[in-house]
Amino acid sequence: MTGVLLISSTVSGGSAQAGPAHGRPPGEDVRVVLDWRPCTGEGQRGFECATARVPLDWARPRGRMIELAVIRATATEPGRRVGSLFAPAGGPGGSGTAYLPGSYEKFPEDVRKRFDLVSWDPRGVGQSTAVRCFDTAAEAIAFQESVPPFPVGKAERRAFIAAYAQLGKRCERRFPALLRHISTADSARDLDALREAVGERRMRLWGISYATFLGATYANMFPSRVARMLLDGNVNPQAWVNGGRKREPRLSTSLRLEADLGSAATLGQFLDLCGRAPTSGCAFSAGTAGATQAKFEELMRRLKRQPVGQWTYARAVSMVREGLNRVHPAWTEVADTLQSLWEGRPPEEPAPPPDPPYPGFEQFYAVACAESPNPRNPRQYVALDRLSTRRAGDLGHWWAWADEPCATWPAKAENRYTGPWDRPTAHPVLVVNPIYDPATPYQSAQAMVRQLHDARLLTLDGYGHTALENPSRCVNAYAARYFLTGALPRVGARCTQDVPPFTTPAEPHTRAPRSATGTGPASAGPLFAGPVG
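Quantities reported herein were computed from a predicted structural model and do not represent experimental measurements. (Residues numbered from 1 in each chain as written. Predicted model: local features only at pLDDT ≥ 70, side-chain atom pairs only at ≥ 80, totals over all residues. Heavy atoms only, no water.)

*Asks:* Just checking my understanding: could you explain the overall build of the protein for this structure?
*Replies:* Helices and strands together make up the secondary structure of the protein, namely 18 helices and twelve strands. Per-residue burial over the protein gives 58% buried out of 533 residues. If you sum the accessible surface of the protein, you get close to 20,800 Å²; carbon and sulfur atoms cover 50% of it. (Helix = DSSP H or I, 4+ residues; strand = E, 2+ residues; numbered from the N terminus. Buried < 20%, exposed > 50% of the residue type's maximum accessible area, 1.4 Å probe, protein only. Areas by Shrake-Rupley, 256 points an atom, 1.4 Å probe, with all protein chains shown as cover.)

*Asks:* Please explain the pattern of salt bridges as it appears in this structure.
*Replies:* Two side chains that carry opposite charge are able to pair once their charged atoms sit near each other. Applying the stated criterion across every chain yields a total of 26 salt bridges. Here R80 ties to E77 by a salt bridge, and the two come within 2.7 Å at their closest N and O atoms. Given a relative accessible area of 44%, R80 falls into the partly exposed group. Residues D461 and R494 are paired through a salt bridge, measuring 2.8 Å at the closest nitrogen-oxygen approach. In this pair, D461 is assigned in strand β11 (residues 455-463) and R494 in strand β12 (residues 494-496), connecting sequence segments 33 residues apart. Residue R494 is classed as partly exposed on the basis of its relative accessible area, which comes to 37%. The structure contains a network of salt bridges with shared partners spanning E77, R80, E109 and K113. (Salt bridge = Lys/Arg side-chain N within 4 Å of Asp/Glu carboxyl O.)

*Asks:* What should I look at first to understand unusual backbone geometry in this one?
*Replies:* Phi is mostly negative for residues that are not glycine, and the peptide bonds are mostly trans. With an omega dihedral of 5 degrees, the bond running from H328 to P329 counts as a cis peptide bond. When you line up the elements, P329 lands in the loop between α11 (313-323) and α12 (330-342). Of note in this structure, S209 is not a glycine but carries a positive phi near 60 degrees.

*Asks:* Could you clarify how one ought to interpret the nonpolar core in this entry?
*Replies:* The biggest cluster of nonpolar side chains holds 121 residues, and the ones touching the most others in it are F270 and L338. Setting aside residues up to four positions removed in sequence, L338 forms contacts with F270, F284, F296, L299, M300, M319 and V320. Listed in part, the 32 residues of the second largest apolar core include L85, Y478, F483 and C495. (Core = buried A, V, L, I, M, F, W, Y, C linked by side-chain atoms within 4.5 Å. Contact = heavy atoms within 4.5 Å.)

*Asks:* What exactly am I supposed to notice about the packing of aromatic side chains here?
*Replies:* Aromatic ring pairs: the centre-centre distance and the angle between the two ring planes describe each pair. Under the defined criterion, the tally for this structure stands at 28 aromatic pairs. A ring pair is formed by Y210 and W240, whose centres lie 6.0 Å apart and whose planes are at 50 degrees; its orientation type is tilted. Here Y210 is found in helix α6 (residues 210-221), whereas its partner W240 is found in helix α7 (residues 237-240), with 30 residues between them in sequence. For the pair Y210 and W240, a shared accessibility class is recorded, and that class is buried. By the ring-pair criterion, three or more aromatic residues cluster together here, those being F134, F143, F160, Y164, F361, F364, Y365, Y381 and W401. Its guanidinium or amino end placed over the ring of F284, K295 lies 4.5 Å from that ring's centre, counting from NZ or CZ. It is R302 that lies over the ring of W342; its NZ or CZ is 3.9 Å from the centre. (Phe/Tyr/Trp six-rings, centres within 6.5 Å; stacked < 30°, edge-to-face > 60°. Lys NZ or Arg CZ within 6 Å of the ring centre and 35° of its normal.)

*Asks:* Would you mind going over the state of the cysteines with me for this structure?
*Replies:* Where two cysteines share a covalent bond between their sulfur atoms, that bond is called a disulfide. Enumeration over the complete set of coordinates arrives at five disulfides. In this model C39 forms its disulfide with C49; the gap between the sulfur atoms is 2.0 Å. Looking down the S-S bond of the C39 and C49 bridge, the torsion is 100 degrees, so its handedness is right-handed. Of the two residues, C39 sits in the loop between β3 (37-38) and β4 (48-55) while C49 sits in strand β4, which places them ten residues apart along the sequence. Under the relative-accessibility criterion, C49 is labelled buried at 9%. (Disulfide = S-S within 2.5 Å.)

Limitation: the analysis is restricted to geometry and does not speak to function.
Written out as structure tokens, the structure is:
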């Protein structure tokens, strides 16, 4: 079940030779051998698992080793198998060993028939050699519960800033070396070793959310090895790395990515479509789009003055932000919760699991704060809060404070990749994005296409974070054809979602979203699994 690491003295063919940030060091070839066994984890029945051992620092391949937990689903028609397709989780901090079993059925059937789908927990995450800054899950959960989603007022701001400063110190004491070697570039090197381990000459990858940045990084570190790469729910690479500039940025990562604008645009659509639906379809509907928008604003004002039970203003805003990511069933659930709060009734709380897993929320910061520049003075986030709420309304508070833990994060990645982003790849890249994506806005997909050397944009006229998690048979058909034949959609191709918001599968799609251009309310929206997905 463990992987075997073999090091030989031969030069790895095709590796970039531009130093540690651009590939494996010259003269060293690291080969990972995977010993696949049936998985034993909860929800992993029918999948195969293995453990890879890779260098902590790829510049020192004979130094300390770390482990990567790897998982795969073999092709359902092995006689017609084409090869392996990597499906990394979002995040940063997303677990591939949880993501692949949970999302497997969402991949097109033709892809599942012809490819082994492979994922892994990136270094620092999940079941791999992980950043775990608390002794137990209970301690980690207690920390989470002690800190609001974002602070409201001076006292909460002081406590919020102090809590995350202490978290950074706690993590630094436990993992002084690991924290400096879990960058996206480090994971791209791991990915290339896994590609070789499964016997692929070139990379096939379907990346969602933050994994689009991983994909773009891999494509530019190892451009000759890209066979097919689909990037869904895109992170703007230059914005993530602050354009590669060394000076401290004015904006935080999330605001550079315009995630607040994406959330605000998607919330506008949520309230518009809810208001057009009957209360049987959207419980929060006030009968018209305008009345429903006004109802939401009044509810937020009420919660600022007085919580409903344990439901504070910050908790309600955070619930809405997260719920916008997946249209079905989350949009209906968000509407139900908002209506309950409107009526002054605390929503029913699910019973906590008897043995909760370790939440791993600090793993997001361990990657993002170490490689994506953010303002270092915690007081600057007060001004960012004002900026973001002016342009994005209530959801702006959440996004303005999402990156504040990075202000005092102690570690910096030793090996970051900051560009170039336009190195010619062996094959074109397919970029997919919903128009109204609340975490990775449509304009980020447009930026991805501009920055990559050769990429084609497929637009999903729909809502939610990523097309994979908000299914479209049209997108899946294009994706399957791309992976099987290399064929790209025509320039300007667009798809619709299978089931629009506040409808059932039997109801027709009667209204398409407005075109999203610019940064106003008609535009598409961390991203991911942590604050991105």
